[in-house]
Amino acid sequence: MRVLIVDDSTLFRKVVRDALAVCPGVEVVGVASDGKTALEKIDYYRPDLVTLDVEMPVLNGIEVLRELQTRPHRPEVIMLSALTDQGAVCTTQALRLGAFDFVLKPSSQSNIEDSCQQLRSDLLPKVRVLQDRLANRQNRLEERVSDPKDIFVPTPGDKPFDASQAAVVGIGISTGGPAALSNLLPKLPANLGVPLLIVQHMPPMFTKSLASDLNRASKITVCEAEEGQAILPGTAYIAPGGKQMKVVTENGAKVIHITDDPPERSCRPSVDYLFRSIAHEYGRKAMALVMTGMGDDGTLGCRLLKRHGCMVVAQDEKSCVVYGMPRQVVSSGLADKVVPLDQLHEVIQCAGVKGAGICR
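Residues numbered from 1 in each chain as written. Predicted model: local features only at pLDDT ≥ 70, side-chain atom pairs only at ≥ 80, totals over all residues. Heavy atoms only, no water.

Draft legend 1. Local environment of unusual backbone geometry. Following Arg268, the chain continues to Pro269 via a peptide bond in cis, the omega torsion being 15°. Mapped onto the elements, Pro269 comes out in the loop between strand 11 (253-259) and helix 8 (271-282). Backbone geometry at Val58 places phi at a positive 65°, although glycine is not the residue there. Here Val58 lies in the loop between strand 3 (49-53) and helix 3 (61-68). What makes Val58 exposed here is its relative accessible area of 59%. Backbone geometry at Asn251 places phi at a positive 55°, although glycine is not the residue there. Position of Asn251 among the secondary structure elements: in the loop between strand 10 (244-250) and strand 11. (Helix = DSSP H or I, 4+ residues; strand = E, 2+ residues; numbered from the N terminus. Buried < 20%, exposed > 50% of the residue type's maximum accessible area, 1.4 Å probe, protein only.)

Draft legend 2. Local environment of the sheet that holds strand 2 (residues 27-32). In spatial order, the strands read 2-1-3-4-5; together these five strands make up an open sheet with parallel pairing. Sheet topology places strand 2 and strand 5 (101-104) at the edges, where each strand pairs with a single neighbour. Averaged over all pairs of adjacent strands, the angle between their axes in this sheet comes to 20°, without regard to strand direction. Pairing of strand 1 (residues 2-6) with strand 3 involves four bridges; the strand directions are parallel. Its bridge partner being in strand 3, Ile5 is matched across the sheet by Thr51. (Pairing = 2+ DSSP bridges. Axes fitted to C-alpha atoms, helices over the stretch in contact; angles between N-to-C directions.)

Draft legend 3. Up close: the packing of aromatic side chains. The tally for this structure, following the rule as stated, stands at two aromatic pairs. Here Tyr44 and Tyr45 contribute two aromatic rings whose centre-to-centre distance is 4.9 Å and whose plane-to-plane angle is 85°, an arrangement assigned as edge-to-face. Pairing Phe102 with Phe206 gives two aromatic rings, centres 4.8 Å apart and planes at 10°, and the pair type is stacked. Taken together, the positions of Phe102 in strand 5 and Phe206 in helix 7 (residues 206-217) put the pair 104 residues apart, joining distant regions of the chain. Here Phe206 falls in the buried class, since its relative accessible area comes to 0%. The ring of Phe12 carries the charged tip of Lys105 above its face, separated from the ring centre by 4.8 Å. (Phe/Tyr/Trp six-rings, centres within 6.5 Å; stacked < 30°, edge-to-face > 60°. Lys NZ or Arg CZ within 6 Å of the ring centre and 35° of its normal.)

Draft legend 4. Structural view of the nonpolar core. Ranked by size, the top nonpolar core spans 57 residues in total, and within it Leu185 and Leu196 carry the most contacts. Apart from residues lying up to four places away in sequence, Leu196 is in contact with Val169, Ile171, Leu185, Leu188, Ile220, Thr235, Ala236, Tyr237 and Ile348. (Core = buried A, V, L, I, M, F, W, Y, C linked by side-chain atoms within 4.5 Å. Contact = heavy atoms within 4.5 Å.)

Draft legend 5. Main features of the sheet that holds strand 7 (residues 196-200). What the seven strands build is an open sheet, ordered 8-9-7-6-12-13-14; its pairing is parallel. Sheet topology places strand 8 (221-224) and strand 14 (337-339) at the edges, where each strand pairs with a single neighbour. For this sheet, the mean angle separating the axes of adjacent strands, direction not counted, is 20°. Where strand 6 (residues 169-173) meets strand 7, five bridges bridge the pair, whose relative direction is parallel.

Draft legend 6. Spatial organisation of the packing of helix 2 (residues 35-45) against helix 3. The geometry of helix 2 relative to helix 3 is characterised by a closest axis approach of 9 Å and an angle of 35° between their N-to-C directions. Pair helix 2 / helix 3 crosses with right-handed handedness. Between helix 2 and helix 3, the contacting residues are Gly35, Leu39 and Ile42 on the first element and Val64, Glu67 and Leu68 on the second. (Left-handed = near helix turned anticlockwise from the far one by under 90°.)

Draft legend 7. Region of interest: the environment of Tyr237. Locating Tyr237 in the fold gives a position in strand 9 (residues 235-238). For Tyr237, a relative accessible area of 2% corresponds to the buried category. Ignoring any residue separated from it by four or fewer positions in sequence, one finds Tyr237 in contact with Pro195, Leu196, Leu197, Ile198, Cys223, Ala225, Gln229, Ala230, Ile231, Leu232, Met245 and Ile256. At 2.8 Å, the side chain of Tyr237 forms a polar contact with the backbone nitrogen of Leu232. (Polar contact = N/O pair within 3.5 Å; in protein donor to acceptor, adjacent residues only side chain to side chain.)

Rendered as structure tokens:
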């Protein structure tokens with residue numbers, strides 16, 4: 001994998017280079033200190049991956065991404081972002097413009113070795129996923145298509161799930177999530193009959209920026225979830241970055257509870273954590289949707305949901321940026337349906353709608 005490092009800081013270019021040096025099969029072909037030079041070097045070196053700073057002179061990272069959309073050679077891009085409100089706004093915009101993912105820049109308080117170690121742990125798993133994608137791209141005829149036999153089949157005597165029974169839809173999503181949610185949520189009608197509870201793997205501040213962007217683009221209400229919020233139809237609640245979100249019942253009503261409980265499978269917010277509470281609070285009257293993302297967060301939660309008789313839907317491989325989380329659900333035999341991204345809104349719209357037999 002050929003990589004171009006783009007950052008206006010000489011020190012941070014070294015930190016990124018040192019972090020990538022331990023990853024087999026990665027070659028740093030060049031560096032650039034501003035967006036204009038980056039575009040020139042992208043044309044010259046034709047890298048597979050660009051690590052791209054947000055704030056730079058001449059052209060910033062967002063302007064580079066916009067320009068890349070007009071060019072025939074479009075490398076994958078991982079954004080390097082500061083943990084600030086402005087960094088969160090710019091990063092969510094970058095993800096909508098096609099960036100593969102992002103990592104947080106190490107804090108200025110860290111020494112070089114600590115910064116390099118932090119970057120390795122955050123950046124290298126994403127680089128390895130892109131290496132796998134590059135290898136698959138070179139052999140597309142052998143790309144795996146989800147095998148129908150992997151899809152969950154109820155045991156004899158089980159009643160088929162009727163989507164009209166669903167009172168809530170839980171969504172778990174990670175890498176590729178902001179772009180996928182930007183495709184999905186604006187297609188839903190304002191009178192959607194169920195609430196959506198969403199775990200998007202993101203750090204603090206970034207989920208608030210994402211929710212604001214999605215709210216502006218959608219007919220339903222989209223918000224970053226808050227402690228004690230009532231769960232209402234036609235509203236999407238995104239778990240706050242760095243926190244856990246679950247459903248509890250208070251005075252006979254379903255409300256959101258935000259906690260500092262530990263990460264699960266290195267995730268906070270965690271899909272498993274949310275899905276577990278949905279299973280306990282809603283029983284059979286729930287639908288779970290697992291979308292694009294690295295890892296296997298959500299599989300254990302889906303297993304519990306299936307025991308309660310809930311419907312589980314997985315995004316299909318072709319429309320995923322990373323077919324990790326949905327793959328684990330499908331290969332575990334937990335998915336009732338495997339659906340392309342551009343059709344997921346139809347499945348959600350069936351929830352809570354009487355006579356929605358087409359969604360069984």
